[in-house]
Amino acid sequence: MSVITKEHVTRKPFADKKNYPYGFARSGDFSINESKLLQAHGSLFAALVDGKITPENDEEQAYLESALGHRDPATPQEKAWLKYQSRINRPKTASIYGSKKPVVEDVDDDDNIGDNSDLDIDLDD
């Protein structure tokens, strides 16, 4: 098993092909500066949160605490990461065409109800 180092993690720009296949800048969710911060620091945040690396200094410890919600974000990097997390974890919206409702069959399970054609109903007051 190879050891993952901070340099190995931060060497490659961060990209989320599943949620942002065309990149952060083209998504419309992030400003240009936020996109650059996510690309530059996102790999470090992801590795810290996933536990692939441990914080080596106070700055990385602060990143981790902010990412886990133990304290409010203080730096632009932390704010961009939390915005990214809120965007990918937001509830999925429904289709504009509505959702398909399940078809329920109307089944008459009550065998005790018989034909009531022999009932006399008096409508005179």
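Because the structure is predicted, anything quoted here is derived from the model rather than measured.

A. Examining the packing of helix H2 (residues 32-50) against helix H3 (residues 58-67) more closely. For the pair H2 and H3, the least separation of the axes is 10 Å and the interaxial angle reads 75°. Taken together, H2 and H3 sit at an angle that is classed as roughly perpendicular. Residue-level inspection shows His-41, Leu-44, Phe-45, Leu-48 and Val-49 of H2 in contact with H3, the latter providing Glu-60, Tyr-63, Leu-64 and Ala-67. Of the residues in the contact of H2 with H3, the class split is seven nonpolar, one polar and one charged.

B. Region of interest: the pattern of salt bridges. Following the criterion strictly, the structure yields five salt bridges and no others. Of the charged contacts, one joins Asp-29 and Arg-87 as a salt bridge, the two residues approaching to 3.8 Å between their closest N and O atoms. Taken as a pair, Asp-29 in the loop between helix H1 (6-10) and H2 and Arg-87 in helix H4 (residues 76-88) lie far apart in primary sequence, 58 residues in all. The class of Asp-29 is buried, set by a relative accessible area of 15%. Using a relative accessible area of 28% as the deciding quantity, one classes Arg-87 as partly exposed.

C. A look at H4. In this model, H4 (13 residues) spans 18 Å end to end at C-alpha, consistent with the 18 Å of a helix rising 1.5 Å per residue. Within H4 the residues assigned to the buried category are Gln-77, Glu-78, Ala-80, Trp-81 and Tyr-84. The arc enclosing the buried residues of H4, seen along the axis, measures out at 165°, which places them on a common side. For H4, the secondary structure elements touched by its buried residues are H2 and H3.

D. Geometry of the packing of H3 against H4. Between H3 and H4, the shortest axis-to-axis distance is 10 Å and the interhelical angle comes to 30°. When the axes of H3 and H4 are compared, the pair comes out roughly parallel. The interaxial crossing formed by H3 with H4 has right-handed handedness. Every residue of H4 that contacts H3 at Ala-62, Tyr-63, Ser-66 and Ala-67 is listed here: Gln-77, Glu-78, Trp-81 and Leu-82. Among the residues making up the contact of H3 with H4, the classes are represented as five nonpolar, two polar and one charged.

E. Structural view of the packing of aromatic side chains. Applying the stated criterion across every chain yields a total of 11 aromatic pairs. Where Phe-14 meets Tyr-84, the ring centres are 5.6 Å apart and the plane angle is 90°; that geometry is what we call edge-to-face. Of this pair, Phe-14 sits in the loop between H1 and H2 while Tyr-84 sits in helix H4, and the two are 70 residues apart along the sequence. You can call Phe-14 buried: its relative accessible area is 12%. A relative accessible area of 4% means that Tyr-84 is categorised as buried. Grouping aromatic residues by their ring pairs yields a cluster made of Phe-14, Tyr-20, Phe-24, Phe-30, Phe-45, Tyr-63, Trp-81 and Tyr-84.

The rules we used
Residues numbered from 1 in each chain as written. Predicted model: local features only at pLDDT ≥ 70, side-chain atom pairs only at ≥ 80, totals over all residues. Heavy atoms only, no water. Axes fitted to C-alpha atoms, helices over the stretch in contact; angles between N-to-C directions. Helix = DSSP H or I, 4+ residues; strand = E, 2+ residues; numbered from the N terminus. Parallel < 35°, antiparallel > 145°, perpendicular 65-115°, else oblique. Contact = heavy atoms within 4.5 Å. Nonpolar A, V, L, I, M, F, W, Y, C, P; charged D, E, K, R; others polar. Salt bridge = Lys/Arg side-chain N within 4 Å of Asp/Glu carboxyl O. Buried < 20%, exposed > 50% of the residue type's maximum accessible area, 1.4 Å probe, protein only. Expected span 1.5 Å × (residues − 1). Arc of directions from axis to C-beta. Left-handed = near helix turned anticlockwise from the far one by under 90°. Phe/Tyr/Trp six-rings, centres within 6.5 Å; stacked < 30°, edge-to-face > 60°.

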